[in-house]
Amino acid sequence: MKPVTRFTCEEAFRRLDDYLDRELSDVEMASVREHLETCAACTREFTYEASVLTEMRRKVRRVDVPPDLIERITRQLGES
Ligand SMILES: [Zn+2]
């Protein structure tokens, strides 16, 4: 059995943004997810943060982005 790091509310809370952006390691992603499954308070906060972020991204998508910028980013993503 793999040892699972259990986050406290504070630790999970601090990682919410990165969790939403999927910028955490697999282990951290799993630990945050596990905390959210067992903690109603953090789930509420997470749901709120997620809705704010989703709304923000919707607004960003409305902005016209130059096609060459998208191409450049896509290329960089492919290289990493
Ligand atoms: Zn919590």
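Quick note: structure is the one above.
Keep in mind it's a predicted model, so treat the numbers as computed, not measured.

Please explain the side chain of His35 as it appears in this structure.
With respect to the helices and strands, the residue His35 is situated in helix α3 (residues 26-38). A polar side-chain atom of His35 sits 2.9 Å from the main-chain carbonyl oxygen of Phe7. Setting aside anything within four residues of it in sequence, one finds His35 in contact with Phe7, Thr8, Cys9, Ala12 and Cys42.

Mind showing me how you'd approach the packing of aromatic side chains here?
Each aromatic ring pair is summarised here by two numbers: the centre-to-centre distance and the angle between the ring planes. Summed over the entire model, instances satisfying the criterion amount to 1 aromatic pair. Between the NZ or CZ atom of Arg15 and the centre of the ring of Phe7, over which it lies, the distance is 4.3 Å.

What is the right way to read the coordination of the zinc ion from this model?
Those protein atoms acting as donors to the zinc ion are Cys9 (SG), His35 (NE2), Cys39 (SG) and Cys42 (SG), and they sit at 2.0 to 2.3 Å. In this structure, the zinc ion is coordinated by 4 donor atoms arranged in tetrahedral fashion, with angles at the metal of 98 to 115°. All donors of the zinc ion come from a single chain, and their spacing in sequence reads C-x25-H-x3-C-x2-C. Taken together, the residues span a long stretch of sequence, with Cys9 in helix α1 (residues 9-14) and His35 in helix α3 at a distance of 26 residues.

I tried to follow the packing of α3 against helix α4 (residues 40-62) on my own but got confused; where do I start?
Relative orientation and spacing of two packed helices are given, respectively, by the angle between their axes and the distance between those axes. Between α3 and α4, the shortest axis-to-axis distance is 6 Å and the interhelical angle comes to 115°. One element, α3, and the other, α4, form an angle in the roughly perpendicular class. Our pair here, α3 against α4, has a crossing hand that is left-handed. Facing α3, whose interface residues are His35, Leu36 and Thr38, α4 presents Ala40, Cys42, Thr43 and Phe46. Class assignment for the residues of the contact of α3 with α4 results in 4 nonpolar, 3 polar and no charged.

Would you mind showing me how to read unusual backbone geometry here?
Working note: non-glycine residues mostly have negative phi, and peptide bonds are mostly trans. Within the chain, Arg22 stands out as a residue other than glycine whose phi angle is a positive 55°. Considering the arrangement of structural elements, one finds Arg22 in the loop between α2 (16-20) and α3.

I would appreciate a short explanation of the nonpolar core in the present structure.
Considering soluble globular proteins, one finds that nonpolar side chains tend to be buried as a cluster. Tyr19, Leu20, Leu24, Val32, Leu36 and Phe46 are the most contacted members of the largest nonpolar core, which totals 14 residues. Of all the secondary-structure elements, those providing two or more residues to this core are α2, α3 and α4. Top element by residues in this core is α4. It accounts for 4 residues. The contacts of Val32, once residues within four sequence positions are left out, are Phe7, Arg15, Tyr19 and Leu24.

The rules we used
- For every chain, the first residue of the written sequence is number 1, and numbering continues from 1 onward in sequence order.
- Thresholds applied to this predicted model are a pLDDT of at least 70 for local features of residues and 80 or more for the giving and counting of side-chain atom pairs; totals over whole chains, interfaces and linings are not thresholded and use all residues.
- Note that water and hydrogens are dropped before the side-chain values are worked out from all heavy atoms of the structure.
- Segments assigned H or I by DSSP are reported as helices when at least four residues long, segments assigned E as strands when at least two residues long, and all are numbered from the N terminus.
- Any pair of nitrogen or oxygen atoms within 3.5 Å is treated as a polar contact; in protein, a donor-acceptor pairing is required on top of that, and neighbouring residues in sequence qualify only through side-chain atoms on both sides.
- Working rule for contacts: check all heavy atoms of both residues, and any pair within 4.5 Å makes them a contact.
- Only Phe, Tyr and Trp rings are paired, with Trp represented by its six-membered ring, and only when their centres lie within 6.5 Å; those with planes under 30 degrees apart are stacked, over 60 edge-to-face, the remainder tilted.
- Lysine and arginine charges are scored as sitting over a ring when NZ or CZ, respectively, is within 6 Å of the ring centre and within 35 degrees of the ring normal.
- Sites may look incomplete, because water is not among the atoms used; the donor set itself consists of N, O and S atoms within 2.8 Å of the metal (3.2 Å for Na, K and Ca).
- Metal sites are grouped by the angles between bound donors: all angles between 85 and 135 degrees with four donors is tetrahedral, opposite donors over 155 degrees apart with the others between 65 and 115 is square planar for four donors and octahedral for six, and any other pattern is irregular.
- Lines fitted to C-alpha atoms define the axes, with helix axes restricted to the stretch in contact, and inter-axis angles between N-to-C directions lie between 0 and 180 degrees.
- Between 65 and 115 degrees an angle is taken as roughly perpendicular, under 35 as roughly parallel, over 145 as roughly antiparallel, and anywhere else as oblique.
- Should the near helix be turned anticlockwise from the far one by less than a right angle, the crossing is termed left-handed; should it be turned clockwise, right-handed.
- Under the scheme applied, nonpolar residues are Ala, Val, Leu, Ile, Met, Phe, Trp, Tyr, Cys and Pro; charged residues are Asp, Glu, Lys and Arg; polar residues are all the others, including Gly.
- Definition used in this section: a nonpolar core is a set of buried Ala, Val, Leu, Ile, Met, Phe, Trp, Tyr and Cys residues joined via side-chain atoms within 4.5 Å.
- Categorising residues by exposure relies on relative accessible area from a 1.4 Å probe, with only protein chains included: less than 20% of the type maximum marks a residue as buried, more than 50% marks it as exposed, and the intermediate range marks it as partly exposed.

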